[in-house]
Amino acid sequence: MLGLMPTLAVLVLALWALALGSLILLPTSTRHSLLALLLGLGLIAGAIGWLLPHQVHFAGVYASIALLSILWRRGAIQTAIASLVRDLRTPIQGSWECWLGLIVLGYSATAAWLPTVQSDDVGYHLALPAQLLELGYYRFDVDSQVWAVAAWSGDIVQALVQVLAGVESRGAVNSLWLLIAATLIWQILALLRVEIRWRWLALALFASQPLNHVLMLSMQVELPLAAVLLGIATLLLEPDADNSARRRTLACAGLVGLALGLKISALVFLGPLGLWFLWRVRPLPWSALPLALVLTLVIGGSSYVYAAILTGNPVLPLFDDVFQSPLFALERLAHSTYLGLASWTAPYDLVVNTHRYYESQDGAAGFQWLALFGTLLLAARLRSARVLLLVAGAGLVLMYLQMQYLRYLFPALTLLCIPMVQSLAEPVDGRWQRFPAVALIALNVAAMSTGSWLLVTPPLSRWAQDGTAAVHEFLSEVAPERLLLGYLRGAYGENYAVLIPSGGGPMPYYAETAGHGFADTWYDPKLNAAAIIASTDTSGAAYLRFLDELGITHVLLHPATATPVQLAAMHHSAVLERREGNAALYRIIRPALIPPGVPAPDQDLAPQQLSFQVPSSVPGPIRMDMNAAFHCAKPGDFVAVQIDGMARGRLRKLEHQYRRCAADGSLNFQLAVAAPIGRTRISARRAQLAAALAESPLRIVRNASTLSPAVVCCGRAGCCP
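The present account deals with the structure reproduced in this document. As the structure is a prediction and not an experimental result, all values here were calculated from the model.

**Structural notes on the sheet that holds strand β4 (residues 574-580)**
Two modes of strand pairing occur in sheets, parallel and antiparallel, and in both the strands are linked by backbone hydrogen bonds.
Phase 1 of the analysis: Taking strand neighbours across the sheet as the criterion, the 5 strands line up as β2-β1-β3-β5-β4 in an open arrangement whose pairing is mixed. At either end of the open sheet lies a strand with only one pairing partner, and these are β2 (517-519) and β4. Sheet twist, expressed as the average angle between the axes of neighbouring strands with direction ignored, equals 25 degrees.
Phase 2 of the analysis: Pairing of β4 with strand β5 (residues 583-588), which is carried by 6 bridges, proceeds in the antiparallel orientation. Of the residues in β5, the one forming a bridge with Arg579 is Ala584.

**What about a nonpolar patch on the surface?**
Phase 1 of the analysis: Residues Leu4, Met5, Leu8, Leu11 and Val167 make up a contiguous nonpolar surface patch of roughly 480 Å² in combined accessible area.
Phase 2 of the analysis: Along the chain, the position of Leu8 falls in helix α1 (residues 4-21).

**A closer look at empty space enclosed by the protein**
Phase 1 of the analysis: The tally for this structure, following the rule as stated, stands at 6 cavities of 30 Å³ or more.
Phase 2 of the analysis: Reported here for the largest cavity is a volume of approximately 160 Å³.
Phase 3 of the analysis: Residue classes in the lining of the largest cavity are distributed as 8 nonpolar, 7 polar and 2 charged.

**Things to note about the side chain of Thr450**
Phase 1 of the analysis: Structurally, Thr450 can be placed in the loop between α23 (434-446) and α24 (459-466).
Phase 2 of the analysis: If near-sequence neighbours (up to four positions away) are discounted, Thr450 is found in contact with Pro210, Ser360, Gln361, Asp362, Gly363 and Ala364.

**Remarks on helix α27 (residues 525-534)**
Phase 1 of the analysis: Those residues of α27 not exposed but buried are Leu527, Ala531 and Ala534. Looking straight down α27, one finds that the buried residues subtend no more than 60 degrees of arc, so they occupy a single side. For α27, the exposed residues set more than 90 degrees away from the buried face come down to Lys526, Ile532 and Ile533.

**Let's talk about the layout of surface pockets**
Phase 1 of the analysis: Size it by volume and the second largest pocket reaches roughly 1300 Å³.
Phase 2 of the analysis: Where the lining of the second largest pocket is concerned, the elements lending two or more residues are α1, α2 (30-51), α4 (74-89), α5 (96-108), α9 (170-191) and α10 (196-207).
Phase 3 of the analysis: For the lining of the second largest pocket, the leading source of residues is α9, giving 11 residues.
Phase 4 of the analysis: Within the lining of the second largest pocket, the residues separate by chemical class into 27 nonpolar, 9 polar and 4 charged.

What counts, and at which threshold
- Residues numbered from 1 in each chain as written.
- Predicted model: local features only at pLDDT ≥ 70, side-chain atom pairs only at ≥ 80, totals over all residues.
- Heavy atoms only, no water.
- Pairing = 2+ DSSP bridges.
- Helix = DSSP H or I, 4+ residues; strand = E, 2+ residues; numbered from the N terminus.
- Axes fitted to C-alpha atoms, helices over the stretch in contact; angles between N-to-C directions.
- Patch = residues over 30% accessible without salt bridge, like charges linked within 9 Å, V, L, I, M, F, W, Y side chains within 5 Å.
- Areas by Shrake-Rupley, 256 points an atom, 1.4 Å probe, with all protein chains shown as cover.
- Salt bridge = Lys/Arg side-chain N within 4 Å of Asp/Glu carboxyl O.
- 1 Å grid on protein atoms, 1.4 Å probe; cavity = no way out; pocket = protein on both sides within 12 Å on 5 of 7 lines; lining within 4 Å.
- Points joined across faces, edges and corners; volume = space filled by probe spheres on them.
- Nonpolar A, V, L, I, M, F, W, Y, C, P; charged D, E, K, R; others polar.
- Contact = heavy atoms within 4.5 Å.
- Buried < 20%, exposed > 50% of the residue type's maximum accessible area, 1.4 Å probe, protein only.
- Arc of directions from axis to C-beta.

Below, the structure is given as structure tokens:
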């Protein structure tokens, strides 16, 4: 979503990226500033990608490096800002076209206001940002998420801003990508000497596509990929005087690395662009090629290298029939719904029968691709439009022949906006072409809600009706799982393990749990197979054993659509803890344990620390629900209570709280912690100068604390510390 902190974090990221990108391309103009910004984003995402296993991903670390980079390259940043100010001061003709372009661009971006709810995002893309924010490193949990090591540059940029801002920041990041793409379209049209009025109409045509509106709500990478491809096209369209062959080669290599870091299927678009590069950059600067290859690998290679090392398949779960990773089925992963639809009537079908090519209503592709298809053919007569038309058209056809899925075509369609507008803008004196363009823009805007059922009620309408409750109401309606997972994090911290089972209605929305959530879907083949076996026992007993083996503390279901086995298991051994919308959160109830040393009423904690041994027969860490009342010898004292767990010779602080004794000497503690197998120690000291407990003894007045098995480390037997 958008907000003050995400916006500031994106601004810091942009300056940081500009500082690093200026090392490759000097930002002497607005066009070069945008290219340097893209290159800097690639360098940052590439560096973070290689460092993901290390616990260094904290806001302070990012902010410090960003500040040092900005100070180091402040001269280049000042040059970039000066060029931007200079362009903004240039009188802009265009009158109503200018306002139309800005209004449509802004309206399309309103989807950025909504929280993240698309299934791929909450099932996969949010994992990396959530783990870096909560843990400071990435878990590489390829066992429970087959997409864990897929190309991740887009998610890294999202994660970087989320860590800096401390909150989910998808809307702010997507707004940056949209601004880069739109401004590059303007810059390319300026290079091609297209009239300013038509530049504004081009922005409106691009932004009014319903699919663009949908991508602003998503963490999918087609919008960033479109911006990167526009950047490569800009480099290749520039006059030779603007860049040497060496600098152009290095800049293209950096952008190719960023494109591959976003998605492996970018190769389909990069192929035609590569041929254009070979034709455009002659003779090749051979001395720069080794450095260019290294730059591409550094920026875009981390996910493929880690995937190959960890799984044996550099593009897991794709092409596993070739690489044969043991973590996935030996088959070619493909969405059969969007195969076998290729037809020579594609321009008509994509617009009129869009529902066959995307999860949308008809019209979501944008009406210009059918109404103005002839202008694309006419663009071939323009020498300046011919190469970009061929390159974008080749990428579009190649991707369409592989899979007939509209979202995958978006980057090529974005490139095709440019020759389309070039064709419409000829001759310069003609005016009639603007009216059909405006009519199509209006149709696109009217059809924006067709792109996704999530946008049937426009974001502006939601905020106009109830701005304060819009987010909660929206989540309760379309993704109540996110509200329940947020409650779990707030109520239990790290001390929970939640299962979101299939067949019970909820989608596998477990990405944001940072390793504490599991889903028995094809994302986790082993868990999926175990859940199927457990579900064969209609009594629910086998399903409960399945939950115990995983150490699940909570189950998230849609009761109205849950399976009988799941409902039977919840009826026998769970209690309903919370409801949101049509989703319910159940807490598993397990028998209490009474190990030796558990505090009893009237036991004095002074002068020694209290410790107890968790029996080795317990299959994993225990969950301690502490609910006790104490009496302080000195009312008004501040007391620090700390709970430490010792397992395998390793001491780990589990909980540390400061409390003040009331005037009547009472002190109440209610907390829940997870303690590992081994010795657990509870200690209490006065907060002032950490004085010994003997100076302010505590006596237990009431103890209703319970201990129960709760494997919360990783959801796998035998993998807890």
